[in-house]
Amino acid sequence: QSIVYAKKMLASADEIKNIQLQCLFSGKNLAEDDSYKTHIAEFENILFAEQKNITEVGEKELVQQLKINYDNYIVKFNKVALNDKEKNQQIFNQMLEDFKDIKNLILKISDINMQAIVRKNNILKELSHDAYMYISIIGTICLLISFSILLNFPNDIAQRIKALINGIREIANKNYNQKLIFTS
């Protein structure tokens, strides 16, 4: 889930930056631009969801730092939007660095989660190999037992039938002292 969040945050951050650039250099009015508010809300919602979805070691610290950097970036932009256009270039350069930091943090969050997926995948490969070995051993044992039963069971039944037939012949020959003994 964190990888999906990171991808969405990157897309929203790019849209936010593009709209901000239009505001700073073409005089676009953000108060009239609903898409800016939508992208800000989207980024913040995704960031909030990511804060609730911490699964890996080190991810919490990165998300906290991302939140701080994002908040600082928005505050700086708001100052730039209200300042003189001549001062904007210097502050804008600082904002670009902050924006790069935000993107780097998002990429690190994604990277941590990708590494976790690879690590967990490797563990599952080992477990599946072990499970395959155990199943193979158990299957071989069951096959050997079945084969043994297949060979011995008919012989055991045949011996009992022969004993029964011999006992019946003796009785038919008027040897009433013959006993038929059945055990299970």
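Look a little higher up for the structure.
Since the structure is predicted, the reported quantities are computational estimates derived from the model, not experimental observations.

**Focus: the overall build of the protein**
So, step 1. Each helix and strand counted, the protein has four helices and zero strands in total.
So, step 2. Secondary structure elements of the protein occur, N-terminal to C-terminal, as α-α-α-α.
So, step 3. Relative to a compact globule of 184 residues, whose C-alpha radius of gyration would be 16 Å, the protein shows 39 Å and is clearly more extended.
So, step 4. Principal-axis analysis of the C-alpha atoms gives the protein an extent of 130 × 30 × 20 Å.
So, step 5. For the protein, buried positions account for 26% of its 184 residues.
So, step 6. Residue pairs in contact within the protein that sit at least 24 positions apart in sequence constitute 69% of those at least 6 positions apart.
So, step 7. Here the protein carries 23 positive and 22 negative side-chain charges, and the mean point of each set is 12 Å from the other.

**So, the nonpolar core**
So, step 1. Grouped together as the largest cluster of nonpolar side chains are 32 residues, with contacts concentrated most on Met-9, Tyr-36, Phe-43, Leu-66 and Ile-106.
So, step 2. For this core, the elements supplying multiple residues, two or more each, are α1 (2–26), α2 (34–51), α3 (59–82) and α4 (88–172).

**Notes on the environment of Phe-153**
So, step 1. With respect to the helices and strands, Phe-153 occurs in helix α4.
So, step 2. Between the alpha carbons of Phe-153 and Leu-96 there is a distance of 83 Å; along the sequence they are 57 residues apart.

**Some thoughts on α2**
So, step 1. The end-to-end C-alpha distance of α2, which contains 18 residues, comes to 26 Å, matching closely the 26 Å that a straight helix rising 1.5 Å per residue would cover.
So, step 2. Three or more residues of α2 are buried, namely Tyr-36, His-39, Ile-40, Phe-43, Ile-46, Leu-47 and Glu-50. One face of α2 carries all of its buried residues, which in axial projection span an arc of 135 degrees. α2 presents Asp-34 and Asn-45 as exposed residues on the side facing more than 90 degrees away from its buried surface.

Rules used throughout
- Residues numbered from 1 in each chain as written.
- Predicted model: local features only at pLDDT ≥ 70, side-chain atom pairs only at ≥ 80, totals over all residues.
- Heavy atoms only, no water.
- Helix = DSSP H or I, 4+ residues; strand = E, 2+ residues; numbered from the N terminus.
- Rg over C-alpha atoms; globule rule 2.2 N^0.38 Å.
- Buried < 20%, exposed > 50% of the residue type's maximum accessible area, 1.4 Å probe, protein only.
- Contact = heavy atoms within 4.5 Å.
- Lys, Arg positive; Asp, Glu negative; His and termini not counted.
- Charge placed at Lys NZ, Arg CZ, Asp CG, Glu CD.
- Core = buried A, V, L, I, M, F, W, Y, C linked by side-chain atoms within 4.5 Å.
- Expected span 1.5 Å × (residues − 1).
- Arc of directions from axis to C-beta.

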